[in-house]
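Letter by letter, the chains look like this.
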Amino acid sequence: MAILTNKAKRERTHVRIRNKVSGTAERPRLSVNFSGQHIRAQVIDDNAGKTLVSVSTTEKGLVASKLRPNVKGAEEVGKLVAERAKAQKISKVVFDRGGFTYHGKVKALADAARSGGLEF
């Protein structure tokens, strides 16, 4: 039996989650991704195959704020994704944690999005 790396374990979990979670036009999917240096959040309509809202710490406006992929940075990205989704008249989403454990920065991003007006 092969020993799995943490990344491989997360990817297997993500595949299992994606088999159960998908976004529609009425209730798109809020997908999150954390790399070693950046945070990305997208609101996706899987039926149409389109990204409706996107936030990344690599954007011009956010690079200057020097957000790190930690709890504080996740809160800022969560608030911003909720604000942009509300501007697109999106209020209900399905949360896709991307195989990450629902704890720490993932929970902080989800809570910030909820406080910004998104319903999960």
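So, here is what we can say about the structure in this document. (Residues numbered from 1 in each chain as written. Predicted model: local features only at pLDDT ≥ 70, side-chain atom pairs only at ≥ 80, totals over all residues. Heavy atoms only, no water.)

## What to know about the packing of aromatic side chains
Then, in step 1: In this structure the tally under the stated criterion is 3 aromatic pairs.
Then, in step 2: Residues F34 and F100 carry aromatic rings whose centres are separated by 5.6 Å and whose planes lie at 90° to one another, so their mutual orientation is edge-to-face. You can see F34 sitting in strand β1 (residues 29-34) and its partner F100 sitting in the loop between β4 (94-96) and α4 (105-115), a full 66 residues away along the chain. With respect to burial, F34 and F100 carry one shared label: buried.
Then, in step 3: Ring geometry for F95 versus F120: centroids 5.2 Å apart, planes at 10°, classification stacked. Within this pair, whereas F95 is found in strand β4, its partner F120 is found in the segment after α4, the two being separated by 25 residues in sequence.
Then, in step 4: Take F95: its relative accessible area is 16%, and that puts it in the buried class.
Then, in step 5: Grouping aromatic residues by their ring pairs yields a cluster made of F95, Y102 and F120.
Then, in step 6: One residue, R10, lies across the ring of F100, its end atom 4.4 Å from the ring centre. (Phe/Tyr/Trp six-rings, centres within 6.5 Å; stacked < 30°, edge-to-face > 60°. Helix = DSSP H or I, 4+ residues; strand = E, 2+ residues; numbered from the N terminus. Buried < 20%, exposed > 50% of the residue type's maximum accessible area, 1.4 Å probe, protein only. Lys NZ or Arg CZ within 6 Å of the ring centre and 35° of its normal.)

## Focus: unusual backbone geometry
Then, in step 1: Although it is not a glycine, K66 adopts a positive phi angle of roughly 55°.
Then, in step 2: With a phi close to 65°, K89 is a non-glycine residue in the positive phi region.
Then, in step 3: Looking at K89, the relative accessible area reads 77%, which means it is exposed.

## Some words on the pairing of strand β3 (residues 50-56)
Then, in step 1: By the bridge criterion, 6 bridges tie strand β2 (residues 39-45) to β3 in an arrangement that is antiparallel. Its bridge partner lying in β3, A41 is registered against V55.
Then, in step 2: In sequence, β2 turns back onto β3 through a hairpin of 4 residues, with G49 there showing a positive phi of about 70°. (Pairing = 2+ DSSP bridges.)

## Observations concerning the sheet that holds β2
Then, in step 1: Reading across the sheet, the 4 strands line up as β3-β2-β1-β4 and stay open at both edges, with mixed pairing between neighbours. The open sheet has two edge strands, β3 and β4, and neither has a second partner. With direction set aside, neighbouring strand axes in the sheet form an average angle of 20°.
Then, in step 2: In this structure, β1 lies alongside β2, joined through 6 bridges in antiparallel fashion. (Axes fitted to C-alpha atoms, helices over the stretch in contact; angles between N-to-C directions.)

## Some points on the environment of D46
Then, in step 1: The residue D46 is located in the loop between β2 and β3 in this model.
Then, in step 2: Accessibility expressed as a relative area gives 24% for D46, which makes it partly exposed.
Then, in step 3: What D46 contacts, discounting residues up to four positions off in sequence, is R18, S22, G23 and R29.
Then, in step 4: In terms of polar contacts, D46 uses its side chain to reach the backbone amide nitrogen of G23, at 2.7 Å. (Contact = heavy atoms within 4.5 Å. Polar contact = N/O pair within 3.5 Å; in protein donor to acceptor, adjacent residues only side chain to side chain.)

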